[in-house]
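# Residue-level structural notes
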Amino acid sequence: MAIHYNALVLHKIFSKENIVSEKEVSFEDISIEAFKTILNNGQHCTSISSIHSANQGTMSKIMLSFDDGHKSDISIALPMLKKKGFKATFFIVPSFVGKQGFLDWDDIRALSSEGMEIGSHSMTHPNFRSLNYTDAREELYESKKIIESKTNTTINSFAFPFGYAPQRFTALAQDLGYKNIMGSHHGLISGPSSQILPRNSVHGRMSNKQIKNLLSPSQAIKLYWFFENTTKPIVKKVLPKSIYFRVRYFLTNGNS
């Protein structure tokens, strides 16, 4: 069969033993146990840029990506990835670097030295729907330039904050040197593309069964993805961000 990639987006990973209050855990955070479910699913996990590898093989693969640059990327995710021999992409926001709970530049360089891909998640994590061309270019260009300077690597992948991926900025990102541009709509990836690539979100309201279903989606789940991809952009556009997240929390409480 032809290879396909299932790109996942994760955020912070937490240890239940270290959580004093549920208020410390956001909607997007997942537990170590949930992360183990992904790593032990029997599918090889790789980075976003591996899509350009000449030796892709024919097996389906999981593309792992982490947004925002949380400290758990290096304290929890990296050791677990190394143990399995897996790779991942870590999307960094330079304005977050060094803040409490986030990676510093030494951490980011350590991830890179271990063979992990470093990508850009913009300079300041804005909603790109509200940006004009000049501001969008600044977010795309400056983040790429700074991360490349700090890590001495070429940054090929970009993920839009909040999953808002305006088509008018896709060509701009490509012109600035990004080869892989990630959104947050559902789907599988069959190969390199000039279009915005899908990522499937793993969040803290998902059970192990729901995570496994996401990793190996049935036709029914793919149909659900189609309807969500069709309706979610409309809802995001109509509702204020705070209300949208409340609605998403309600709808995903116990649902895949």
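Structure first, text after, so check above.
First, a word on scope: everything that follows refers to the structure included in this document. (Residues numbered from 1 in each chain as written. Predicted model: local features only at pLDDT ≥ 70, side-chain atom pairs only at ≥ 80, totals over all residues. Heavy atoms only, no water.)

Time to look at the packing of aromatic side chains. Overall, the coordinates contain nine aromatic pairs when judged by the stated rule. When the ring of Phe 128 is compared with that of Phe 158, the centres are 5.9 Å apart and the planes differ by 70°; the resulting orientation is edge-to-face. With a gap of 30 residues between them, Phe 128 in the loop between strand 7 (117-120) and helix 4 (133-151) and Phe 158 in strand 8 (residues 157-159) connect regions that are remote in the sequence. Residue classification places Phe 128 among the buried residues on the basis of a relative accessible area of 0%. Ring centres of Phe 128 and Phe 169 lie 6.1 Å apart, and the angle between their planes is 70°; on these two criteria the pair is classed as edge-to-face. (Phe/Tyr/Trp six-rings, centres within 6.5 Å; stacked < 30°, edge-to-face > 60°. Helix = DSSP H or I, 4+ residues; strand = E, 2+ residues; numbered from the N terminus. Buried < 20%, exposed > 50% of the residue type's maximum accessible area, 1.4 Å probe, protein only.)

With that settled, consider the packing of helix 1 (residues 32-39) against helix 6 (residues 208-215). Their axes nearest at 10 Å, the elements helix 1 and helix 6 cross at an angle of 30°. Considering only the axes of helix 1 and helix 6, their crossing is right-handed. Note on element contacts: helix 6 touches helix 1 through Asn 208, Ile 211, Lys 212 and Leu 215, opposite Glu 33, Ala 34, Thr 37 and Ile 38. Here the contact of helix 1 with helix 6 is built from residues that sort into four nonpolar, two polar and two charged. (Axes fitted to C-alpha atoms, helices over the stretch in contact; angles between N-to-C directions. Left-handed = near helix turned anticlockwise from the far one by under 90°. Contact = heavy atoms within 4.5 Å. Nonpolar A, V, L, I, M, F, W, Y, C, P; charged D, E, K, R; others polar.)

To continue, consider a nonpolar patch on the surface. A cluster of nonpolar side chains, Leu 223, Phe 226 and Phe 227, forms an exposed patch at the surface whose accessible area comes to about 330 Å². In this structure, Leu 223 sits in helix 7 (residues 219-238). (Patch = residues over 30% accessible without salt bridge, like charges linked within 9 Å, V, L, I, M, F, W, Y side chains within 5 Å. Areas by Shrake-Rupley, 256 points an atom, 1.4 Å probe, with all protein chains shown as cover. Salt bridge = Lys/Arg side-chain N within 4 Å of Asp/Glu carboxyl O.)

Turning next to helix 1. Counting along an α-helix, one turn takes 3.6 residues, and residues three or four places apart therefore face a common direction. Burial analysis of helix 1 places six of its eight residues in the buried class, the great majority of the element. Of all the positions in helix 1, only Ile 32, Ala 34, Phe 35, Thr 37, Ile 38 and Leu 39 are classed as buried.

Turning our eyes to something else, we now look at the nonpolar core. In terms of nonpolar packing, the biggest core is built from 52 residues, with Phe 35, Leu 64, Phe 66, Leu 81 and Phe 90 touching the most fellow members. Broken down by element, this core gets its largest block of residues, six residues, from helix 2 (residues 72-84). In this structure Phe 66 touches Leu 10, His 11, Ile 13, Phe 35, Asp 73, Ala 77, Leu 81, Ala 88, Thr 89, Phe 90 and Phe 91, once residues within four positions along its chain are discounted. Formed by 10 residues, the second largest nonpolar core is a distinct cluster that contains Ala 7, Ile 48, Met 63 and Ala 159. (Core = buried A, V, L, I, M, F, W, Y, C linked by side-chain atoms within 4.5 Å.)

Relative to the elements of secondary structure, His 11 occurs in the loop between strand 1 (5-10) and strand 2 (13-14). A relative accessible area of 9% places His 11 in the buried class. His 11 has contacts with Glu 28, Phe 66, Asp 67, Asp 68, His 70, Ser 72 and Asp 73, leaving out every residue within four places of it along the chain.

In this structure, Arg 168 sits in the loop between strand 8 and helix 5 (170-175). Separated by 39 residues in sequence, Arg 168 and Arg 129 place their C-alpha atoms 9.9 Å apart. For Arg 168, the residues in contact, after removing those within four places along its chain, are Phe 128, Arg 129 and Leu 131. Within the local environment of Arg 168, its side chain forms a polar contact with the backbone oxygen of Arg 129, the two atoms lying 3.5 Å apart. (Polar contact = N/O pair within 3.5 Å; in protein donor to acceptor, adjacent residues only side chain to side chain.)

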